[in-house]
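# Structural characterization, general
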Amino acid sequence: MSERLSVLKTYKLYVGGKFPRSESGRVYEVSDSKNNWLANAPLSSRKDARDAVVAARKAFGGWSGATAYNRGQVLYRVAEMLEGRRDQYVAEVAGAEGLSKPKAAAQVDAAIDRWVWYAGWTDKIAQVVGGGNPVAGPFFNLSTPEPTGVVAILAPQKSSFLGLVSVIAPVIATGNTAVVVASEKSPLPALSLGEVLATSDLPGGVVNILSGRTAEIAAPLAAHQDVNAIDLAGADETLAKELEIAAADNLKRVLRPQPVDIADWSATPGTDRMTAFLETKTVWHPTGALGASGSSY
C-alpha cells in the first residue's frame, strides 16, 4: 500500500467575510523556530489594505449599532468556536513560537479565556467610563462612550495568538471594526482565526486579517483617511515613529507600543485597550420645571 500524501493547507487573507488571495498574487515562506518550512502565506499589498478598510467601514454601521449585549454574545460564540479547534491552535502556536505542546496549550487556553473576558465587558464598559455629571444649572449632563470607527491593528510580532487576541477583542467588543496586520514571522494562527470568525456570528468586515510585510501594509493604513485609529503593538520604535507622523494627517487616535521587554500578554489586561478606542459623547438636557412653584425634576 502506497504512503498517503498530505493535503497541505492553503492560507488566505480574511477580508469582508471572504477568503481572497492577495491581489498581487504574491506569497512568502513561513518557517518554524528551527527554520523548517510550515506554509506559504499571502504577501498582502497596498491594494489589499485599502480593500480591507472599505470592508471595515461598510461593516461599522451595523456592528456599532448592535446592542452591547448582542456583541457580547457574538464574542462568546467566537470563544466557543476556538475551544472546538483548540488542538489545531496548539499545533500552530507551538510551530510559530517554538514552544512545547504544554506551553502552547497554556497560551491557547489563555487566549480563549480572554475572548470570554472581553465578551463579558461589552455591556459593562459604558457604566465604567460613562455616567451622569454634576453641573451647576437645571440640566441633565450625561456622558456615554461611542466607538471610534475603523481601527488598524499591528498585531504583536512575538505573541502570535494570545497577543493577537489581546489586541483584537477589545477593539471589536466596544463596537469598532478592525483591519489587522498579522505577525510578519508567525502569521498562521492569525490567518486561521479568520476561519473561526467566518463560521461564528461575527458579521463579515468587522475583522479583516492581512499577512505580509508589516511596514509595507502599515504605511498605507496609517495614512488612510478613512482609518480612525491605529494600534502600534507590533511596530518597532522606528516604524512606530513613522506611522505616528502619517497618522497625524487626519488626527487618528494612536496607541503606542510597549517596549518588547515590558509587554506581557499573559497579564490581566484591564480596560485600557477598550477605552483607547472610545470617544465620549456628552449630552446636555434641561430638566424643565413642574408647576408654579418652579420645582424641577
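Report follows, based on the coordinates. (Residues numbered from 1 in each chain as written. Predicted model: local features only at pLDDT ≥ 70, side-chain atom pairs only at ≥ 80, totals over all residues. Heavy atoms only, no water.)

Turning our eyes to something else, we now look at the pairing of strand β6 (residues 177-181). Put simply, side chains in a regular strand alternate between the two faces of the sheet. Summarising burial for β6: five of the five residues are buried, a large majority. Side-chain alternation along β6 places T177, V179 and V181 on one buried face and A178 and V180 on a second face that is also buried. Sheet topology note: the strand β5 (residues 150-154)/β6 ladder contains five bridges and is parallel. Bridged to V151 within β6 is A178. The parallel pair β5 and β6, bridged by helix α6 (residues 162-173), forms a crossover whose chirality is right-handed. As defined by bridge partners, β6 adjoins strand β7 (residues 207-210) across four bridges and the pair is classed as parallel. Within β7, the residue paired with V181 across the bridge is L210. Each parallel crossover has a hand, and for β6 linked through helix α7 (residues 188-198) to β7 it is right-handed. (Buried < 20%, exposed > 50% of the residue type's maximum accessible area, 1.4 Å probe, protein only. Helix = DSSP H or I, 4+ residues; strand = E, 2+ residues; numbered from the N terminus. Pairing = 2+ DSSP bridges. Right-handed = clockwise from strand over helix to strand, strands pointing away.)

So, about the packing of helix α4 (residues 101-121) against α6. Interhelical geometry of α4 versus α6 gives an angle of 10° and a closest axis separation of 9 Å. Classified by the angle between their axes, α4 and α6 sit roughly parallel to one another. From α4, Q107, A110, A111, R114, W115 and Y118 reach across to α6, where they touch L162, V165, S166, I168, A169, P170, I172 and A173. (Axes fitted to C-alpha atoms, helices over the stretch in contact; angles between N-to-C directions. Parallel < 35°, antiparallel > 145°, perpendicular 65-115°, else oblique. Contact = heavy atoms within 4.5 Å.)

A few words on the pairing of strand β2 (residues 37-42). Note that strand β1 (residues 27-31) and β2 share five bridges and pair antiparallel. When the bridges of β2 are listed, S31 appears paired with W37. In sequence, β1 turns back onto β2 through a hairpin of five residues, with N35 there showing a positive phi of about 70°.

One open sheet holds the five strands; their spatial order is β7-β6-β5-β8-β9, and the pairing between them is parallel. Two strands close off the open sheet at either side, each with one partner strand: β7 and β9 (253-255). On average, each strand axis in the sheet is tilted by 15° relative to the strand beside it, whichever way the strands run.

Here we take up the environment of A246. Structurally, A246 is set in helix α9 (residues 237-247). Once the C-alpha coordinates of A246 and A222 are considered, the two residues, 24 residues apart in sequence, prove to be 5.6 Å apart.

Turning next to the pattern of salt bridges. Pairing between side chains of opposite charge can happen when the charged atoms of each approach one another. The tally for this structure, following the rule as stated, stands at 14 salt bridges. Across the pair R26 and E216 runs a salt bridge, and its minimum N-O distance is 3.0 Å. Here the residue R26 occupies a position in the segment before β1, and E216 occupies one in helix α8 (residues 214-223), the gap between them amounting to 190 residues. Here K281 and E146 are joined by a salt bridge, their closest N and O atoms 2.9 Å apart. Of this pair, K281 sits in strand β10 (residues 278-286) while E146 sits in strand β4 (residues 139-147); the two residues are 135 residues apart in sequence, bridging distant segments of the chain. When its relative accessible area of 39% is taken as the criterion, K281 is described as partly exposed. Residues participating in the shared-partner salt-bridge network are K9, R85 and E195. (Salt bridge = Lys/Arg side-chain N within 4 Å of Asp/Glu carboxyl O.)

As a further point, take α9. Looking at α9, one finds that the buried residues are L239, A240, L243 and A247. Viewed along the axis of α9, the buried residues span an arc of 100°, placing them on a single side of the element. More than 90 degrees from the buried face of α9, the exposed residues found are E237, T238, K241 and I245. Check the buried side of α9 and you find it contacts β5, α8, β8 (229-231) and β9. (Arc of directions from axis to C-beta.)

Okay, the side chain of R71 next. Along the polypeptide, R71 turns up in helix α2 (residues 68-84). D123 is the oppositely charged side chain nearest to the buried, salt-bridge-free R71, at an N-O distance of 9.2 Å. Within polar-contact distance, the side chain of R71 engages the backbone oxygen of W63 at 3.3 Å. Apart from residues no more than four positions distant in its own chain, R71 is found in contact with W63, S64, A66, T122, I172, A173, T174 and G175. (Lys, Arg positive; Asp, Glu negative; His and termini not counted. Polar contact = N/O pair within 3.5 Å; in protein donor to acceptor, adjacent residues only side chain to side chain.)

Looking now at the sheet that holds β4. Strand pairing in a sheet relies on backbone hydrogen bonds, with the paired strands running either antiparallel or parallel. Taken together, three strands build an open sheet; the order of strands is β3-β4-β10 and the sheet is antiparallel. Of all the strands in the sheet, the pair left with one neighbour each is β3 (131-132) and β10.

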